[in-house]
Each structure stands twice: as structure tokens, then as C-alpha cells.
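# Topology and contacts: notes
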Amino acid sequence: MTSPAARVSQELLTVTIQKRFSGERESSFLLDVEFVAAKGFTILFGASGAGKTTLLDCIAGLQSPESGKIAIGDFVLFDPAARVNVPPNRRSVGYLLQSLALFPHMTVQENVQYGLAALDEGERESRCRVILESFRIADLARRRPGEISGGERQRVALARTLVTRPRVLLLDEPLTALDAVTRSQILDDLRAWNHAHGIPILYVTHQRAEVFALGERVIVLDAGRIIARGSPHEVLQRPESETVAQLAGFENIFDCSFVAAHPEQGTMTCRVANSTLDLEVPLSRVDTSQPLRVGIRAGDILLASLPPQGLSARNVFPGVISSLEQRDVTVVAKVNCGAEFEVHLTPAARDSLQLQVGGKIWLVVKTYSCQVMQTVDSGGIKILIFTGDPTPKSCCGITCVRACLRQLWGSPAGASCTKPPA
Amino acid sequence: MILQALTLTLRLAVTVSVILLIVGIPLAYWLAFSRKRWKFLVEAVVSLPIVLPPTVLGFYVLVAIGPLSPVGRWYQSMAGHGLAFTFGGLVVGSVLYSLPFAVQPMATSFAAVDRQLLDASALLGASRGRTFCRVVLPLGMPGVLTGFVLSFAHTLGEFGVVLMIGGNIPGTTRTISILIYDQVQALDYAAANRTALLLLALCFALLAVLYGLRRRASWNLWGWR
């Protein structure tokens with residue numbers, strides 16, 4: 001976008017929030033986060049009910065935290081200590097609501113100009129024209145939201161938010177409802193806009209693909225707390241806690257038991273529970289007496305229609321296709337080789353292998369596609385309390401398992417820290 | 001005589017429904033969006049005229065505007081004459097009596113406006129006033145229209161309150177419904193029939209126009225959904 005007034009800001013969004021809220025789950029829990037977002041995309045990643053939308057609502061001023069501080073540069077938005085709580089209409093925060101909330105009784109043009117009331121007519125017109133053109137929706141200016149497609153509505157809502165030149169941009173799952181092609185087009189538009197303006201952008205999603213498409217930094221939220229942060233690669237590619245792993249899209253997670261370690265080969269063997277299937281996985285520091293879990297991404301598994309030979313991959317299993325289903329541009333195959341694997345492949349691959357339900361197939365998994373995670377069960381909780389962790393005994397439910405996972409994630413030694421000191 | 005009563009009735013109905021439009025919109029807005037704990041009390045008071053016999057309401061209004069009450073005395077000192085048995089008195093009584101018919105449809109339609117649209121408006125920098133004028137009012141317009149027409153029609157057919165407050169003074173307080181009562185008392189059934197038929201036709205036409213308009217006027221007029 002070539003807006004002459006495009007400014008590159010160096011303002012940081014600093015957020016500290018404590019807020020008790022009732023999520024979609026039954027229990028109410030505490031949203032307790034602290035982070036700084038620089039210009040560019042910061043992805044907020046987490047399951048629904050993790051507190052992502054509440055967090056954005058607090059930054060935009062639609063909800064008030066109980067305590068904390070929110071500021072853009074030195075513009076303080078919320079600080080109960082100084083009795084500051086700027087109302088949402090004066091925060092200069094652009095917030096694209098998940099529902100888009102386009103005004104149904106106004107045309108596209110009126111919608112986009114809604115936030116420009118303070119400008120004079122000419123400036124309003126020209127800004128609106130520029131942004132409509134850059135989002136390729138200029139020909140829709142006279143239509144109403146009910147008369148345009150979902151992807152077009154998404155663009156209009158985005159344009160309406162961006163045209164006000166906010167100092168911080170909040171996007172709540174803006175692309176969830178769209179097809180893959182439209183999604184990538186709008187991602188391109190967003191990236192271009194970000195390149196020109198460079199303000200902090202918080203982008204909420206639970207789709208792994210979007211994290212990798214946009215992400216410079218990712219913050220993983222679970223039950224109101226930040227459980228991981230860093231680059232998408234660091235956080236999602238090699239997750240050390242199971243919560244992150246599930247969020248990161250490990251479609252296959254198997255309960256396993258430790259069989260043998262082969263330090264000289266850099267591998268170890270694990271048996272998938274209730275089967276005779278032995279997986280060869282990277283050698284990792286785990287407590288071998290405790291159950292393990294192995295995560296494998298569905299997209300990392302190869303299929304072969306003939307017995308493969310001369311491969312570096314250590315895990316080759318014969319199996320039978322139990323189901324085939326196409327979702328969007330991905331074919332989801334379930335393959336039974338003693339344990340059921342979910343495999344993602346393209347329609348082209350399905351056709352060239354002539355896959356069909358009931359057909360015999362070989363499944364190939366590289367050792368390094370297997371991610372070892374240690375499950376923490378209630379035994380782990382006792383140990384954590386034993387080692388002096390201040391976790392109160394009263395919370396030995398789900399929350400405490402989470403607390404333990406967090407503890408595991410935070411420690412450099414990984415999962416082996418659950419061993420009690422001698 | 002019938003023409004005189006008709007003009008008076010229409011004048012009363014127009015005055016009352018316009019006043020209710022002005023008073024009703026802010027009241028309905030408050031009812032739809034206030035988070036005050038005692039809101040339910042106001043809601044109950046506003047709805048009272050629906051269940052109360054008109055004689056009860058008329059009686060208290062009559063007392064309130066009479067020379068014994070401070071309001072009545074104040075009005076008398078300002079206007080030089082009392083409110084009771086005047087057109088002004090009729091207006092006061094009718095406004096109170098038709099209040100729920102104006103306010104309830106308005107409040108319902110304001111409350112039905114998607115909260116996310118209000119949030120979106122605030123996020124785009126709009127004050128509450130601007131949000132109301134540009135979002136709540138246009139989207140709640142069908143309810144405002146309904147409230148206006150209902151209060152108009154309700155005032156047209158009003159009897160008890162008018163009789164209590166206004167009495168039966170030709171040209172000043174004798175509305176159509178009072179005229180019918182008069183004619184029946186005088187055993188002039190033919191005249192009563194003509195007058196009654198006129199009122200029936202008038203009210204039917206009004207409601208037919210209202211519902212006809214509403215069918216087209218809802219969101220479809222704006223090409224949504």
C-alpha cells in the first residue's frame with residue numbers, strides 16, 4: 001500500500017493483565033499474562049477458551065482487567081494505580097472482531113468511512129478510495145454487507161479497521177471462515193500493509209498454518225497463562241510440553257512405553273501401547289520408568305504402495321487404509337498398522353497411489369519426525385510438591401497438571417526433572 | 001358534531017404520539033442499555049398502564065393536576081387556569097396512558113441490535129451519541145415506527161382516561177369515543193353506529209398500514225440477510 005501518510009512506528013505495546021473470567025469451560029480461571037509486542041505480527045496461539053479473545057477485549061477496552069497495565073509507547077491505556085482507563089473509542093486500537101460486525105444498513109463505503117468522522121469530506125473520500133483499491137474491493141463501494149461474499153466482507157472489515165490508522169492492531173481469528181485461496185490472498189494483503197505501517201499487530205488464531213505464514217513471534221496461551229513464547233519454529237516445531245504439542249497440530253499422539261535405548265545410534269525404541277508396534281525415535285532424556293508419548297505430524301508421514309527399499313527412514317510398517325476423506329485440499333487417510341495413524345496427503349498423491357479404503361499400504365516415518373514427550377501423571381504432582389514447589393495441594397486437578405507441564409517446559413533439563421532428588 | 005370530535009381526536013393523537021416519540025426514544029434507550037440495578041422498577045412503572053384500569057390512572061392524574069396538588073397549583077399560576085377538563089389535561093393523561101405502547105416496541109428493537117455492532121462503533125472512535133444516531137436508531141427504526149403508530153392508534157380509541165380527566169366538553173375534550181358513549185346514552189343508536197364504524201375503520205387502516213410497512217421495512221429494505 002502506498003499511503004503517503006504511512007508512518008513507521010517504534011511504539012511497543014506493553015501488556016500486563018490479571019483478570020478473573022469464566023471461559024467456555026465450566027470453571028472460571030485467571031487470565032494472567034505479561035508481554036511486550038513490538039511492531040510486526042505477534043501471534044496469540046491457543047485452544048478456544050484459553051483467554052485469547054478476553055485478552056484482546058482488555059487491550060481494546062471492551063472489558064476491564066482487575067489489575068495490570070496496558071500502554072502503547074508512553075500512551076497509557078489502562079493503569080488502575082493511576083486511575084487511568086481510557087474508553088475504547090479513544091484508544092487508537094484497531095480491533096477486528098471475530099464476527100466482523102459490519103454495519104448491515106450501510107454501504108461498504110459508509111462502513112469504511114465510519115471511523116473517519118473527524119476528517120473533512122475530501123480527506124475521508126481519498127483515504128477510503130486508497131484503502132478500497134489496495135484491498136481490491138473498490139468496485140463494491142456501493143454494495144451493502146449482505147450483498148457481498150464472505151471473503152469480501154472480511155476485506156471490508158479489515159479496511160474499515162485499518163483506514164483509521166490505529167497505533168495497535170488486534171485481529172481475532174480473521175480468516176477462520178474462509179477458503180484456502182482467499183485466506184492466502186488476505187494474508188498477502190495483511191503482510192503488505194504491515195510492511196508499510198509497522199505497528200504492533202496481535203493476531204489470534206488456532207490454526208498452525210497461519211502461525212507459520214505470518215509469524216515472527218508466537219505466544220502460546222493455555223487456561224489464561226502464557227505457556228510458551230518464541231519464534232514459531234522454536235515453539236511449535238519442537239514442543240516440549242504436550243499441551244503445546246496438541247495445539248501445534250500433532251495429529252498422532254501415541255502412549256508408549258520405553259523398550260531400549262541405542263545411544264551409539266542416537267535412537268531409542270518405544271512400543272506403542274496395546275500393540276506390537278515398535279517406533280524408533282530420537283534419543284531423548286526421559287524418565288524411562290514413566291510412560292512416554294510420541295507425537296507425529298500427519299503431514300510428515302509417507303505412504304508407499306509397494307514395500308519400500310533403500311530408505312533412511314527407520315520406521316516402515318505395513319498397514320491397511322481404514323478411511324479416506326477429503327477436507328478442503330487435504331486428503332485425510334487413516335491407516336491401521338496395529339495402531340491407527342492419521343496421514344495427510346494431497347489429492348494428487350492419493351490419485352497416483354490409487355489409494356482406496358481397505359487397500360494395503362506401507363507407512364514410512366523418519367526417526368526425527370517422532371517427537372518424544374513425557375506424560376505427567378498424578379505421580380508427577382506429588383514429586384513437584386515434594387521438591388518444594390509452592391503449588392497448593394488443594395489444586396491437584398486439571399490445573400495442577402497444567403502447572404506441572406509448565407514447570408517441565410520451563411526447566412532446561414526437560415521432562416527428566418520429574419525425578420525426585422535422591 | 002362528529003367532524004368536530006374527529007378533528008379533536010386526531011389532534012390529540014398526533015400531539016400525544018409526537019410527544020411520546022420525543023420522550024419514548026431516550027427512555028427506551030435507557031431501558032435497553034442501562035445496567036442499573038433498579039431498572040426493573042422503571043420497567044414496571046412504564047408497563048403499569050397496560051394492566052391498570054383507565055379509571056385508576058385517570059383518577060390519580062386528575063388529582064395530580066387538580067388545584068390541591070403542587071403540580072396543579074404550579075400549572076395554574078403559570079397558565080392562569082387549571083389543567084383538568086382542558087385539552088392540555090387530556091394530553092398529559094394520554095401520554096401516560098399510551099407510554100408503554102410507545103416505549104416497549106422501541107426498547108425491544110434497540111435491545112435487539114447486535115452488541116458487537118456497538119462495540120465496533122466504539123472501536124472506530126464513535127461516541128455513545130454517535131453510535132446511537134448512526135447504528136442503534138437506524139437499525140431500531142422498525143420498532144420506533146411501531147411505537148409511534150401504536151401510541152397514535154391507542155390514543156384514538158381511548159375512553160376512560162379522557163372521561164376522567166377531560167369530561168365531555170364539545171370541541172375541547174369530547175373525543176370520538178366519548179361521543180359514541182354520549183350517543184348511546186341518548187339512545188341514538190344509528191348515530192352511535194356511524195361514529196363507531198368511523199373509529200373502527202380508522203384504527204384498522206392504521207394497523208394495516210403499520211403491518212404492511214413492517215413487512216417491507218424490516219431489515220430486508222436494507223438488503224441484509
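Residues numbered from 1 in each chain as written. Chains lettered and ligands numbered in written order. Predicted model: local features only at pLDDT ≥ 70, side-chain atom pairs only at ≥ 80, totals over all residues. Heavy atoms only, no water.

### Observations concerning the overall build of chain A
Looking only at helices and strands, chain A has eleven helices and 21 strands in total. Roughly 19100 Å² of accessible area belongs to chain A as shown, and the carbon and sulfur atoms make up 50% of that amount. (Helix = DSSP H or I, 4+ residues; strand = E, 2+ residues; numbered from the N terminus. Areas by Shrake-Rupley, 256 points an atom, 1.4 Å probe, with all protein chains shown as cover.)

### Here's the deal with the side chain of A:Asn194
Residue and element names in this part refer to chain A. Mapping Asn194 onto the fold places it in helix α5 (residues 180-197). The exposure class of Asn194 is buried, given its relative accessible area of 12%. In this structure, Asn194 is in contact with Gly40, Phe41, Ile199, Ile201 and Glu216, ignoring residues within four places of it in sequence. (Buried < 20%, exposed > 50% of the residue type's maximum accessible area, 1.4 Å probe, protein only. Contact = heavy atoms within 4.5 Å.)

### Some thoughts on the side chain of B:Ser151
With respect to the secondary-structure elements, B:Ser151 resides in helix α8 (residues 141-156). Sequence-distant contacts of B:Ser151, that is, excluding residues within four places in its chain, are made with B:Ser17, B:Leu20, B:Ser98, B:Phe101 and B:Ala102.

### What to know about the interface of chain B and chain A
In this assembly, 20 residues from chain B lie in contact with 23 residues from chain A. At the boundary of chain B with chain A, total buried surface from both sides reaches about 1900 Å², with 67% on carbon and sulfur atoms. Applying the counting rule to chain B against chain A returns five residue pairs in polar contact (both at pLDDT 80 or more). If you list the elements that add at least two residues to the side of chain B that touches chain A, you get α6 (115-123) and α7 (128-139) of chain B. Among the elements that take part in the side of chain B that touches chain A, α6(B) stands out by supplying seven residues, more than any other. In terms of residue class, the side of chain B that touches chain A is made up of eleven nonpolar, six polar and three charged. (Buried area = accessible area lost by both parts, 1.4 Å probe. Polar contact = N/O pair within 3.5 Å; in protein donor to acceptor, adjacent residues only side chain to side chain. Nonpolar A, V, L, I, M, F, W, Y, C, P; charged D, E, K, R; others polar.)

### Here we look at helix α1 (residues 52-60) of chain A
All names here are of chain A. Counting buried residues in α1 gives eight out of nine residues, a clear majority hidden from the surface. Every buried residue of α1 is accounted for by Lys52, Thr54, Leu55, Leu56, Asp57, Cys58, Ile59 and Ala60. Just past α1, the residue Gly61 takes up positive phi, approximately 95°.

### What about the layout of surface pockets?
Its volume calculated, the largest pocket comes out at about 1000 Å³. What lines the largest pocket is a set of 30 residues, and nearest its centre among them are B:Arg35, B:Leu118, B:Asp119, B:Ala122 and B:Arg128. For the lining of the largest pocket, the secondary structure elements donating two or more residues are α1 of chain A together with α1 (2-33), α6 and α7 of chain B. When residues of the lining of the largest pocket are assigned to their parent elements, the largest contribution, five residues, is made by α6(B). The class makeup of the residues in the lining of the largest pocket is 13 nonpolar, nine polar and eight charged. (1 Å grid on protein atoms, 1.4 Å probe; cavity = no way out; pocket = protein on both sides within 12 Å on 5 of 7 lines; lining within 4 Å. Points joined across faces, edges and corners; volume = space filled by probe spheres on them.)

### Comments concerning the sheet that holds strand β16 (residues 302-304) of chain A
All names here are of chain A. The strand order across the open sheet formed by five strands is β16-β20-β17-β18-β19, and the pairing between neighbours is antiparallel. Among the strands making up the open sheet, the edge pair consists of β16 and β19 (340-345). Neighbour to neighbour, the strand axes of the sheet diverge by 45° on average, direction disregarded. Bridging between strand β17 (residues 315-327) and strand β20 (residues 360-365) involves six bridges; their strand directions are antiparallel. Bridge pairing in β20 links Asn315 to Val365. (Pairing = 2+ DSSP bridges. Axes fitted to C-alpha atoms, helices over the stretch in contact; angles between N-to-C directions.)

### Details of unusual backbone geometry
Although it is not a glycine, A:Arg136 adopts a positive phi angle of roughly 55°. Here A:Arg136 is to be found in the loop between α3 (121-134) and α4 (150-162). Of note, the phi angle at B:Leu187 is positive, near 60°, even though the residue is not glycine. With respect to the helices and strands, the residue B:Leu187 is situated in the loop between α10 (176-185) and α11 (189-217).

### Description of the packing of α6(B) against α7(B)
Residues and elements named next belong to chain B. Viewed as axis vectors pointing N to C, α6 and α7 meet at an angle of 160°, and their least axial separation amounts to 10 Å. Here α7 runs roughly antiparallel to α6, going by the angle between their axes. The crossing of α6 and α7 is right-handed. Across the interface between the two elements, Leu117, Leu118, Ser121 and Ala122 from α6 touch Thr131, Val135, Val136 and Leu139 from α7. (Parallel < 35°, antiparallel > 145°, perpendicular 65-115°, else oblique. Left-handed = near helix turned anticlockwise from the far one by under 90°.)

### Considering the packing of α4(A) against α5(A)
Residues and elements named next belong to chain A. Viewed as axis vectors pointing N to C, α4 and α5 meet at an angle of 15°, and their least axial separation amounts to 10 Å. By the angle class used here, α4 and α5 are roughly parallel. For the crossing formed where α4 meets α5, the hand is right-handed. For the pair α4 and α5, the contacting residues are Gly151, Gln154, Arg155, Leu158 and Leu162 in the first and Thr182, Gln185, Ile186, Asp189, Leu190 and Trp193 in the second. Of the residues in the contact of α4 with α5, the class split is five nonpolar, four polar and two charged.

### A word on the pattern of salt bridges
Enumeration over the complete set of coordinates arrives at eleven salt bridges over all chains. Where A:Glu121 meets A:Arg124, a salt bridge forms, and the shortest distance between an N and an O atom there is 3.6 Å. Taken together, the residues span about one helical turn, with A:Glu121 and A:Arg124 both in helix α3 at a distance of three residues. Between B:Arg174 and B:Asp182 there is a salt bridge, with the nearest N and O atoms lying 3.2 Å from each other. The exposure class assigned to B:Asp182 is partly exposed, which follows from its relative accessible area of 22%. (Salt bridge = Lys/Arg side-chain N within 4 Å of Asp/Glu carboxyl O.)

### Focus on the confidence of the model for chain B
This prediction gives chain B a mean pLDDT of 88; 96% of its residues lie at or above 70. Confidence drops under pLDDT 50 across residues 219-225 of chain B; counting only partners more than four residues distant or on other chains, this segment forms 14 contacts. (pLDDT = per-residue confidence, 0-100.)

### Concerning the pairing of strand β4 (residues 67-72) of chain A
Residue and element names in this part refer to chain A. Where β4 and strand β5 (residues 75-79) come together, three bridges link them in antiparallel fashion. Looking across to β5, one finds that Ile72 is bridged to Phe75. A loop of two residues connects β4 with β5, the two strands running antiparallel in sequence, and Gly73 in this loop sits at a positive phi of about 60°.

### Quick word on a nonpolar patch on the surface
The grouping of B:Val14, B:Val18, B:Ile22 and B:Val23 at the surface amounts to a nonpolar patch, some 320 Å² of accessible area in total. Here B:Ile22 shows up in helix α1. (Patch = residues over 30% accessible without salt bridge, like charges linked within 9 Å, V, L, I, M, F, W, Y side chains within 5 Å.)

### A closer look at the nonpolar core
Membership of the largest hydrophobic core comes to 67 residues, with the highest contact counts inside it found for A:Leu13, A:Phe35, A:Leu55, A:Ile59, A:Leu170, A:Leu202 and B:Phe110. Top element by residues in this core is helix α5 (residues 87-111) of chain B. It accounts for ten residues. Excluding anything up to four places from it in sequence, A:Leu170 contacts A:Leu56, A:Ile59, A:Ala60, A:Val93, A:Gly94, A:Tyr95, A:Leu96 and A:Leu202. In terms of nonpolar packing, the next biggest core, distinct from the first, is built from 42 residues, A:Val108, A:Leu116, A:Ile131 and A:Leu175 among them. (Core = buried A, V, L, I, M, F, W, Y, C linked by side-chain atoms within 4.5 Å.)

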